[in-house]
Each structure stands twice: as structure tokens, then as C-alpha cells.
Amino acid sequence: SGEDTRRRLTILGSTGSIGTNTLDVVDRLGGRDRFEVAALTGNGNIPLLAEQARRLRAELAVTADEHRYDELKTALAGSGIAVAAGRSGLIEAAERDAGWVMAAIVGNAGLAPTLAAARRGADIALANKECLVSAGSLFLEAVARGGGRLLPVDSEHNAIFQVLENDQRHAVERVILTASGGPFRTKTLDEMRHVTADVARAHPNWSMGLKISIDSASMFNKALEMIEARHLFGLRPEQIEVVVHPQSVIHSMVGYSDGSVLAQLGCPDMRTAIGYALSYPKRCALPIERLDFAKLARLDFEAPDETRFPALRLARRAMEAGGVQGAVLNGAKETALEAFIKGRIGFLAMAEIVEKVMDKLSNLPAAATMDDVFAADEKARQTAAGLIPIQ
Ligand code: NAD
Ligand code: MG
């Protein structure tokens, strides 16, 4: 019964969109009766982090922001919950023994803690796509050496994971990533030029964090997902297709050598993918809205437009170049994205900056160690920053 069969888990990025959805799934699957929370981490939202930690009686709560250590300490006074902050705190959270770790920190900040959890052999529920985009095979090697499982949470990759039988991998011809097309699917380049972050963040189908929402509008999110798919499923770049599917009902597909195409469908709700990663290889019961096909009536598809959405072309370029070009693309993209959010550059300038940084850093050697990955990321950020006007 109860106590001794409880599974230990940690959520890196528990206060974000994926993090709060993960806690919702944990609650629905039995909460503290079935799960023991080793650690939770957040950044700026201390009240939410403290509330989550108290409610689930986490052993450790960590804020990534060192300046908020005191605030978190005060918020958890008398609870018996350990508190830590900063990069070392995040590593401490990742290293606590928990068999299942949700990697849901946004951006490259998630790489070091996720790697720490992978190295000690935890099963990694991977929402943080940046781990694979930046560190690719080095990250996969760390997971393999640690001996844990890599469970894709990004909805497209989770869909592929669901329909990809291990003993049929040799027969995979292609994967087809679906893309909603975002809020600017039908906009012209001129219309996109002057949009603000507030307009760009309004995703038609999914409710997500600020950065990934804007990345969906520019299709940089799909660009990252192409590189993510390449590593996760061991594909050649030409095996990865993207199709725009505005309803976001088909979450992605796998095409096999006999002409069969297998798809995973559902209402757009990240709790499906999170629940699958938490229950794998079983499935759990979740109160996700059910698809009503008669009401849907139709599903639409169209080819993506790489002129209006150059991010897709840049992803192909990064995949073909290999080496650290994924880290370069992502580092430059994160820097340009922050500048766009602050209103310092226009929407279209994000892809222009990424392309220029890739031009300038095309000769960086492949990474032998994780330090090389971090160095390439840093170089890309500096180079991108040099292309952003100072206000
Ligand atoms: P979010 O912005 O809602 O949450 C991010 C989390 O990371 C929060 O807990 C925040 O406190 C923490 N964080 C922010 N900056 C940090 C830093 N510098 N160091 C440590 N922690 C920090 O983001 P999200 O939408 O939940 O996305 C999280 C990850 O999951 C991203 O990599 C995203 O691409 C991926 N993802 C998200 C969705 C989605 O539906 N939201 C879908 C697929 C993949
Ligand atoms: Mg996705």
C-alpha cells in the first residue's frame, strides 16, 4: 500500500506552463498518496513556488534567482522544506534522488540541471527541447550512460514516441511534424514587420509560456523541434517534414516504408503528453476534452512558407552543418527573442539576426565536451548582441 510504493519525482520549472500542468496531472493521479516530491524549482514567482512546495511537501524548493533566496526562505519558514537558490541550487535539485524528473525550465538555462539529472540515471520527461537542440548527441550520450529513459513531452515528439514501435524503427521513412502556423499563418511579411510581443504571444490553439508562444509565431519553435526530432529519433535531416495543420488535432505522424502513416490525435492539451511520460509504458485516465470528429468536420493541411518563416530554412541549415550549429542557432535565437520582447528589434529581425550569427560562426569546431557546447552558446549570444541596436 501507499507510503512505500510512492514514486519520487522532481519538477524543474514547476511554476511555468508545463510545470503547473505537470502538478495538475500529479494531483489527478493521486497527489501525495502516490507521489513523493524530492524537489521543485522556479525563478521569479516565489509565492507560487512556496505554495506548491508546501502543498506537496517537497523536500527542497529552489529559485533560480539568487536575489530571491531570502524571500523563498521566509515564505517557507517553519515548513521544514529545504531552500536553495541559483545555478548550484538547480543542480542540487536535479541531483536529489528522484526516479522521474520533469525538465521544464525554459531555454538554455535548463541544460545544466537536466544534464545533472540525466547523468545520475533519472528518467527524464523532456519538455526543454533546448537540451537536444544545443547539446544533441552529447546530451543523448549522458542519458545513455546514466541509464535512465528519455520521455519526450513536446507534443509533436510525444506523438511520434507514441506511434513509434521500437522493432519498427528500421522501417521509418520520415516523420511529419505538424505546426499550427501560429497567429501569423496568413499574414504577409509586411504585416508581420511591425507586430509587438503582445500580439505575437497570442497562440490560436495552445496556452504556453511567453517565449515558446512567440517562437510559435515566428516558427522558430518548429525549427527547434526539427532539430529535437532529429536527435530523439536518430533521423537524417531529409527525413523530417513539416506540415501546417491549423487545427492542432494531429500532433505529428510517422511514415513507414510500406506507405503507412501513423498519427496521434487529441485535443491540444499538454497534460496528455505529460501524463503519458509519467505513466509510461502504461496510460492513465485524464479529464482531457475528447475529440468529436463530426463536430470537427475537417482537418486542413498546407505546406509551410519558408520565405515568410525563414526559421525552418535555418533549422535545415543547422542540421546539415551539424557540430555546434544547433547551439549557435538557439543561443542567437534566445538573444534575439529577448530583444524582441523588450521592443528593441522588430519581429522579422529575429530570423535575420540568427542567420547572420550562423554566417559568422559557421566555422566553429564540433563539440567534444559540454563545455564546448556552452562556449558556442555564449559566443552566439555575444555575436547576436552585437547585432542588436543599443537603446
Ligand atoms: P514558462 O515560461 O511558462 O516556464 C518556465 C519555467 O522555467 C518556470 O518555472 C520559470 O520559473 C523557470 N525559469 C525561467 N527562467 C529560468 C532560469 N533562468 N533558470 C531556471 N529556471 C528558469 O515556460 P513553458 O512554456 O512551461 O516551457 C518550458 C519548456 O517546455 C520550454 O523549453 C518550452 O520550449 C517547452 N515546451 C513547452 C510547451 C508548453 O505548452 N508550454 C510545449 C512544449 C515544450
Ligand atoms: Mg511542440
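In this report, we go over the structure that sits alongside the text. (Residues numbered from 1 in each chain as written. Chains lettered and ligands numbered in written order. Predicted model: local features only at pLDDT ≥ 70, side-chain atom pairs only at ≥ 80, totals over all residues. Heavy atoms only, no water.)

Before going further, it helps to examine the site of ligand 1. Near ligand 1, the surroundings consist of 24 residues, among which Thr15, Ser17, Ile18, Glu130 and Gly209 are the closest. Between an oxygen atom of ligand 1 and a main-chain N or O atom of glycine 13, the distance comes to 3.3 Å. One nitrogen or oxygen atom from the main chain of serine 17 is found 2.8 Å from an oxygen atom belonging to ligand 1. Calculation on ligand 1 without its partners gives an accessible area of 820 Å², and the protein chains cover 85% of this total. Partitioned by chemical class, the residues of the shell around ligand 1 number 11 nonpolar, 10 polar and 3 charged. (Near = heavy atom within 4 Å. Polar contact = N/O pair within 3.5 Å; in protein donor to acceptor, adjacent residues only side chain to side chain. Areas by Shrake-Rupley, 256 points an atom, 1.4 Å probe, with all protein chains shown as cover. Nonpolar A, V, L, I, M, F, W, Y, C, P; charged D, E, K, R; others polar.)

Once that is clear, we can look at the pairing of strand β2 (residues 35–42). The element β2 is extensively covered by neighbouring structure, given that 7 of its 8 residues are classed as buried. With 6 bridges connecting them, strand β1 (residues 7–12) and β2 associate as parallel partners. Bridge pairing links arginine 8 to glutamate 36 in β2. Since β1 and β2 lie parallel, the crossover through helix α2 (residues 17–28) that links them has a hand, and here it is right-handed. The sheet contact formed by β2 and strand β3 (residues 60–63) spans 4 bridges and is parallel. Across the sheet, residue alanine 39 finds its bridge partner in β3, namely leucine 60. Crossover β2 to β3 through helix α3 (residues 46–56) is right-handed. (Buried < 20%, exposed > 50% of the residue type's maximum accessible area, 1.4 Å probe, protein only. Helix = DSSP H or I, 4+ residues; strand = E, 2+ residues; numbered from the N terminus. Pairing = 2+ DSSP bridges. Right-handed = clockwise from strand over helix to strand, strands pointing away.)

What follows concerns the pattern of salt bridges. In total, this model carries 30 salt bridges according to the counting rule given. Notably, a salt bridge pairs aspartate 65 with arginine 68, separated by 3.5 Å at the nearest N-O pair. The partner of arginine 149 in a salt bridge is aspartate 123, with the nearest N and O atoms 3.6 Å apart. Of this pair, arginine 149 sits in the loop between α7 (130–146) and β7 (150–152) while aspartate 123 sits in strand β6 (residues 123–126), placing them 26 residues apart in sequence. Under the relative-accessibility criterion, arginine 149 is labelled partly exposed at 38%. Looking at aspartate 123, the relative accessible area reads 15%, which means it is buried. Linked through salt bridges whose partners overlap, the residues forming this network are Arg6, Arg8, Glu36, Glu59, Arg96 and Asp97. (Salt bridge = Lys/Arg side-chain N within 4 Å of Asp/Glu carboxyl O.)

What follows covers helix α12 (residues 220–233). Between its first and last C-alpha, α12 extends 20 Å over 14 residues, near the 20 Å set by a 1.5 Å rise per residue. Burial within α12 is extensive, with 12 of its 14 residues counted as buried. Residues Phe220, Asn221, Lys222, Ala223, Leu224, Glu225, Met226, Ile227, Glu228, Ala229, Leu232 and Phe233 constitute the buried set of α12. Of the residues trailing α12, glycine 234 is marked for its positive phi of about 60 degrees. (Expected span 1.5 Å × (residues − 1).)

This is a description of form; function is not addressed.
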